[in-house]
2 protein chains.
Amino acid sequence: MSKQSTKTNIIDKADQLFYESGFEHTSFAGIASRVGISRGNFYYHFKSKDEILQAVIDRRLANTQQMLDAWSEEAATPEARIKCFINILIMNRDKIKRYGCPVGSLTNELSKLGHPALAEASSVFTLFKDWLAREFSALGQGREAARLALHLLARSQGIATIASAFDDEDFLYQEAEELNRWLGGYTR
Amino acid sequence: MSKQSTKTNIIDKADQLFYESGFEHTSFAGIASRVGISRGNFYYHFKSKDEILQAVIDRRLANTQQMLDAWSEEAATPEARIKCFINILIMNRDKIKRYGCPVGSLTNELSKLGHPALAEASSVFTLFKDWLAREFSALGQGREAARLALHLLARSQGIATIASAFDDEDFLYQEAEELNRWLGGYTR
DNA sequence: GTCTATATAATGATAGAC
DNA sequence: GTCTATCATTATATAGAC
């Protein structure tokens, strides 16, 4: 493992804590503690909480784009690519059960706070939406591609919310399978 | 409008604020200010923040049960009753766009806080789930009733999350219509 | 770049007068 | 039942030594 800079380390740990504990509930002391630095040092790298939030969102945008690019490369067909998206519900089932979806829970919180970064946080959704729409277009659903993309995004969000509220892993598997069946209706 | 007690008034305003601003972000000062009383007076009625949270959840449970009972009475067929549920996405569209679903956003926050009241907050979902399952049973979906109920609950959650993230009212209407079509597949 | 020390404001919560 | 006054704790944020 390569040694990463303190700044990168802060963004990394803040990202985790925003997901696990929420943005509001995460304090600088908590981040600094997990990084292993003092609170004072923290302010050398980030001047405000909004600044670290922006860095976390930028990091998530970059990571998401990287993941989408990898899916585009690894999976040969549009159907296989969309199944990669559906499969993150299974891949991340443990964290989803505990904390829900990192994107949905952050946008939800920021919308309640009336936080100006809501639009930027929502743009992670937009990355998924546009990528999915492209794949649905490739499936010959050109006219309905954008609607289907947003529909699938919403379905995955609801699954995460309910699985988290009831701590129900079976439901995650069940609904992921149902999504694959639904997708099958557009590939035949 | 009948004059309500200070205690009831506190629960009422706390309920609104937890929805609009989140549980963590809502302070006693904020609640007291909206009620029009002092912070000190607040503590005469509720000794801790967890106590007021419990009261708000109890209130939501009672209100939800009341709403479900009203639907059972007003709508003649199982299909019409389930459509009442779907229709709350349209009825509450303005608030959903701004704050998401009150149940989903609260359970999401409490799960991140590791708050012991998560189970109680989730039981509002359970009221909906059991009520919907009964209606799907009445539709002749006895074996699949529970699964369909949870599925519909998840669908509505996802719709609320995406509509809130993108502030998109058209999406709410579009997906509510899609849910009605989906329901139609079980009534024919 | 990292630390300790500190300033300032807000929070949850209590005590006691009216 | 309602108020003012107060406490202890935590939070964001800054100053300055090393």
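What you are looking at is a predicted structure, and each value in this text was computed from that prediction instead of being measured.

Undergrad: Break down the nonpolar core for me, with residues and values.
TA: Generally speaking, nonpolar side chains in soluble globular proteins are found buried as a group. Formed by 120 residues in total, the largest nonpolar core has its most connected members in Ile 52 and Phe 136 of chain A together with Ile 52 and Phe 136 of chain B. Sequence-distant contacts of Ile 52 of chain A, that is, excluding residues within four places in its chain, are made with Ile 10, Ile 11, Ala 14, Phe 18, Phe 28, Phe 42 and Phe 46 of chain A.

Undergrad: An account of the relation of the copies chain B and chain A is requested, with residue identities and associated values reported.
TA: Note on the copies: chain B fits chain A at an RMSD of 0.0 Å, the axial shift is 0.0 Å, and the rotation between them is 180 degrees. Such values leave the two copies arranged in the relation of a two-fold axis. The position closest to the rotation axis in chain B is occupied by the C-alpha of Gly 158 of chain B, lying 1.8 Å away. A share of 100% of the interface residues of chain B reappears at the interface of chain A, consistent with the copies meeting face to face through the same patch.

Undergrad: Explain helix α10 (residues 169–184) of chain B residue by residue, including any values.
TA: The terminal C-alpha atoms of α10 of chain B, which comprises 16 residues, lie 23 Å apart, in line with the 22 Å expected from a rise of 1.5 Å per residue. All buried positions along α10 of chain B are accounted for by Phe 171, Leu 172, Glu 175, Ala 176, Glu 178, Leu 179, Trp 182, Leu 183 and Gly 184 of chain B. Those residues of α10 of chain B that are buried are in contact with α9 (145–166) of chain A together with α5 (78–91), α6 (93–99), α8 (118–138) and α9 (145–166) of chain B. The N-terminus of α10 of chain B is capped by Asp 168 of chain B, whose side-chain oxygen sits 3.1 Å from the backbone nitrogen of Asp 170 of chain B.

Undergrad: Quick rundown of unusual backbone geometry? Include the residues and the values.
TA: One non-glycine residue with positive phi stands out, namely Asp 167 of chain A, at about 50 degrees. Following the sequence through the fold, Asp 167 of chain A ends up in the loop between α9 and α10 (169–184).

Undergrad: Go over the state of the cysteines with me, naming the residues and quoting the values.
TA: In the structure shown here, the tally under the stated rule is zero disulfides over all chains. With no disulfide of its own, Cys 101 of chain A has Cys 101 of chain B as its nearest cysteine by sulfur position, at a separation of 16 Å. Residue Cys 101 of chain B is classed as buried on the basis of its relative accessible area of 16%.

Undergrad: Outline the protein's contact with DNA strand C, supporting the account with residue identities and numerical values.
TA: Lining the immediate surroundings of DNA strand C are 14 residues, of which Thr 6, Ser 38, Asn 41 and Tyr 44 of chain A together with Tyr 43 of chain B lie closest. Sugar plus phosphate, as a fraction of atoms of DNA strand C within 4 Å of the protein: 66%. Tyr 44 of chain A has a polar side-chain atom sitting 2.7 Å from a phosphate oxygen of DNA strand C. In this structure, a phosphate oxygen belonging to DNA strand C sits 3.0 Å away from a main-chain N or O atom of Lys 49 of chain B. Here the surface near DNA strand C gets four residues from one element, more than from any other, and that element is helix α3 (residues 39–45) of chain A. A per-class count over the surface near DNA strand C returns four nonpolar, eight polar and two charged.

Undergrad: Tell me about the protein's contact with DNA strand D, and please be specific about residues and values.
TA: By nearness alone, 13 residues border DNA strand D, and Tyr 43 of chain A together with Thr 6, Ser 38, Asn 41 and Tyr 44 of chain B come closest of all. Per the 4 Å cut-off to the protein, sugar and phosphate atoms form 62% of the nearby atoms of DNA strand D. Interatomic distance of 3.1 Å between a backbone N/O atom of Phe 28 of chain A and a phosphate oxygen of DNA strand D. At 3.2 Å, a backbone N or O of Lys 49 of chain A approaches a phosphate oxygen of DNA strand D. In terms of residue count, helix α3 (residues 39–45) of chain B provides more of the surface near DNA strand D than any other element does, four residues in total. A per-class count over the surface near DNA strand D returns four nonpolar, eight polar and one charged.

Undergrad: Tell me about the interface of chain B and chain A, and name the residues and values.
TA: Chain B puts 38 residues into the contact, and the matching count from chain A is 38 residues. For the pair chain B and chain A, the summed buried surface comes to about 3100 Å²; carbon and sulfur atoms form 63% of the total. Our enumeration of links across chain B and chain A arrives at zero salt bridges. There are twelve residue pairs in polar contact (both at pLDDT 80 or more) connecting chain B and chain A. Counting residues per element, the ones that place at least two in the side of chain B that touches chain A are α1 (6–21), α6, α7 (102–113), α8, α9 and α10 of chain B. With 14 residues, the single largest contributor to the side of chain B that touches chain A is α9 of chain B. Considering only residue class, the side of chain B that touches chain A consists of 13 nonpolar, 16 polar and nine charged.

Undergrad: Go over empty space enclosed by the protein with me, naming the residues and quoting the values.
TA: According to the stated counting rule, one finds six cavities of 30 Å³ or more in the structure shown. Looking at the largest cavity, its volume works out to about 190 Å³. Lining the largest cavity are 19 residues; nearest its centre among them are Gly 22, Ser 105 and Glu 109 of chain A together with Glu 109 and Lys 112 of chain B. Looking at side-chain class alone, the lining of the largest cavity contains three nonpolar, ten polar and six charged residues. If you add up the space inside the second largest cavity, you get close to 110 Å³. Lining the second largest cavity are 15 residues, and of these Gly 104, Asn 108 and Thr 161 of chain A together with Asn 108 and Thr 161 of chain B lie nearest its centre. Mapped by element, the contributors of at least two residues to the lining of the second largest cavity are α7 (102–113) and α9 of chain A together with α7 and α9 of chain B.

Undergrad: I'd like a description of the side chain of Asp 15 of chain A, backed by residues and values.
TA: Residue and element names in this part refer to chain A. Looking at the secondary structure, you find Asp 15 in helix α1 (residues 6–21). A relative accessible area of 11% places Asp 15 in the buried class. The contacts of Asp 15, once residues within four sequence positions are left out, are Val 56, Arg 59 and Arg 60.

Parameters at a glance
Residues numbered from 1 in each chain as written. Chains lettered and ligands numbered in written order. Predicted model: local features only at pLDDT ≥ 70, side-chain atom pairs only at ≥ 80, totals over all residues. Heavy atoms only, no water. Core = buried A, V, L, I, M, F, W, Y, C linked by side-chain atoms within 4.5 Å. Buried < 20%, exposed > 50% of the residue type's maximum accessible area, 1.4 Å probe, protein only. Contact = heavy atoms within 4.5 Å. Least-squares fit on C-alpha atoms with pLDDT ≥ 70 in both. Helix = DSSP H or I, 4+ residues; strand = E, 2+ residues; numbered from the N terminus. Expected span 1.5 Å × (residues − 1). Polar contact = N/O pair within 3.5 Å; in protein donor to acceptor, adjacent residues only side chain to side chain. Disulfide = S-S within 2.5 Å. Near = heavy atom within 4 Å. Nonpolar A, V, L, I, M, F, W, Y, C, P; charged D, E, K, R; others polar. Buried area = accessible area lost by both parts, 1.4 Å probe. Salt bridge = Lys/Arg side-chain N within 4 Å of Asp/Glu carboxyl O. 1 Å grid on protein atoms, 1.4 Å probe; cavity = no way out; pocket = protein on both sides within 12 Å on 5 of 7 lines; lining within 4 Å. Points joined across faces, edges and corners; volume = space filled by probe spheres on them.

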